[in-house]
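# A structural walkthrough
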Amino acid sequence: MLKILTEASGSMSAAYLIKAIQEAGHVAVASDIDPDCVGRYLTSQFIQMPSKNAPDLWEQTIELLKKHDINIVIPSLDETLIGWAKRQKELLEKGIHVILSEEETIKTFQDKYLTYQFFVRAGIPTPSTSLEQEFPLVKPRNGRGAVGVRIENTAINMEGMISQELVEGTEYTVDVFCDRNSDPVYIVPRLREGVAQGKSTSGIVVNHPDIEEWVRKICRAIPFVGPVNMQCFVQENGEIKFIEINPRIAGGMALGFAATENWINVIIDHFIEGKPIITKPIKYGLMMKRYYAEVFVPKC
């Protein structure tokens, strides 16, 4: 039985990952900077993490991992992804597996302008993007969860921002699982029907061979490891444009898990035990509806 750390266990989508770990027969260790986050009540073990701004963040973090005998970390917090990537080798020497892509991949996709440049170099269709205010859609260069994204018709300070061609069409999120060779063994496109706080609340798995082929091309152009989240639009003329890539596990991947298999088992079998991945058929047409649930805890 392994001990698997989940980050940001107070988020509204943390419960599915904790549940997936438990259903795989392992111990989910929730973690968060909030000692009273909901995740600590969903599992028997909890670690209060230091602030991401703490000067000794990683010294504290590594000591906590050792103290609690953590075997696997599945990073999900954007602010710490590069830190985890930098320390993968160090942590592996301590027997701790960090399931995450390499540092350069993380850097590329945490910066929306670098993402755009990658798409252009790799020949991936994407909206035109500029560091100047050339287009009406503006967004933070390093933003997440649609925070700060807006249509702007007046001149603004573009420091730390990009502007982007406005693309209309049907939005898809793609759950991808890559093996140790960056081959995408699972590609699960899902129609994004509902979003709250940047996270999917409703969706349906669809069979879309064109999206799948572009995803394979992306994975041939840059290395990924484990769960990856991609977003694109399909326009009325059928043209596909990729918007962004999150090289980490994502909140809406509960549907990707349900449509294939428990990816926690895949992580352990492949990355920890070295077994080849034998994929299961994708359940196209499977729909997800997400709802809020309550945890009641007696307090002194």
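Here the structure is shown first, and the text comes after it.
These notes cover the structure that comes with them. No experiment lies behind these values; they were computed from the predicted model shown.

### Here's the deal with the pairing of strand β7 (residues 137-140)
Of the two faces of β7, the one carrying Leu137 and Lys139 and the one carrying Val138 and Pro140 are both buried. Judged from the 2 bridges that link them, β7 and strand β8 (residues 150-151) form a sheet pairing that is antiparallel. By the bridge assignment for β8, Val138 is matched with Arg150. Of the strand pairs in this sheet, β7 and strand β9 (residues 161-164) are connected by 4 bridges, and their pairing is antiparallel. Paired with Pro140 across the bridge in β9 is Met161.

### Re the sheet that holds strand β6 (residues 129-130)
Here we have 4 strands laid out as an open sheet, ordered β6-β9-β7-β8, and antiparallel in their pairing. What marks the edges here is a single partner per strand, and that holds for β6 and β8.

### Considering the pattern of salt bridges
Following the criterion strictly, the structure yields 16 salt bridges and no others. The salt bridge involving Glu103 is made with Lys107; its shortest N-O contact spans 3.0 Å. Separated by 4 residues within a single helix, Glu103 and Lys107 lie in helix α5 (residues 103-110), roughly one turn from each other. The partly exposed category is assigned to Glu103, whose relative accessible area is 22%. Looking at Lys107, the relative accessible area reads 33%, which means it is partly exposed. Several salt bridges converge on common partners, so that one network encompasses Glu212, Glu213, Arg216 and Arg220.

### Regarding the packing of aromatic side chains
The full count for this structure, using the stated rule, is 11 aromatic pairs. Between Phe109 and Phe118 the ring centres are 5.3 Å apart and the planes differ by 85°, which places this aromatic pair in the edge-to-face class. Each of the two residues, Phe109 as well as Phe118, counts as buried. In this structure an aromatic cluster arises from ring pairing among Tyr16, Phe177, Tyr186, Phe257, Trp263 and Phe271.

### Thoughts on a nonpolar patch on the surface
Together, Val38, Tyr41, Leu42, Val295 and Val297 make up a nonpolar patch on the protein surface, roughly 320 Å² of accessible area in all. Its location among the elements puts Val295 in the segment after β15 (287-289).

### Regarding unusual backbone geometry
In this model, Ala8 sits at a positive phi of 45°, which is unusual for a non-glycine residue. Following the sequence through the fold, Ala8 ends up in the loop between β1 (3-6) and α1 (14-23).

### Some words on the environment of Lys280
Mapped onto the elements, Lys280 comes out in the loop between α9 (263-272) and β15. Taking the relative accessible area as the measure of exposure, Lys280 reaches 43% and is therefore partly exposed. A C-alpha to C-alpha distance of 37 Å links Lys280 and Gln48, two positions 232 residues apart in sequence. What Lys280 contacts, discounting residues up to four positions off in sequence, is Tyr186, Thr260 and Glu261.

### Here we look at the sheet that holds β1
Read from one edge of the open sheet, 5 strands run β3-β2-β1-β4-β5, paired in parallel fashion. Edge positions in the open sheet fall to β3 (45-48) and β5 (97-98), since each of these has one partner strand only. Bridging between β1 and strand β2 (residues 27-32) involves 4 bridges; their strand directions are parallel. Its bridge partner being in β2, Ile4 is matched across the sheet by Ala28. The strands touched by α1 within the sheet are β1 and β2, with β2 carrying the most contacts at an inclination of about 155°.

Cut-offs applied
Residues numbered from 1 in each chain as written. Predicted model: local features only at pLDDT ≥ 70, side-chain atom pairs only at ≥ 80, totals over all residues. Heavy atoms only, no water. Buried < 20%, exposed > 50% of the residue type's maximum accessible area, 1.4 Å probe, protein only. Helix = DSSP H or I, 4+ residues; strand = E, 2+ residues; numbered from the N terminus. Pairing = 2+ DSSP bridges. Salt bridge = Lys/Arg side-chain N within 4 Å of Asp/Glu carboxyl O. Phe/Tyr/Trp six-rings, centres within 6.5 Å; stacked < 30°, edge-to-face > 60°. Patch = residues over 30% accessible without salt bridge, like charges linked within 9 Å, V, L, I, M, F, W, Y side chains within 5 Å. Areas by Shrake-Rupley, 256 points an atom, 1.4 Å probe, with all protein chains shown as cover. Contact = heavy atoms within 4.5 Å. Axes fitted to C-alpha atoms, helices over the stretch in contact; angles between N-to-C directions.

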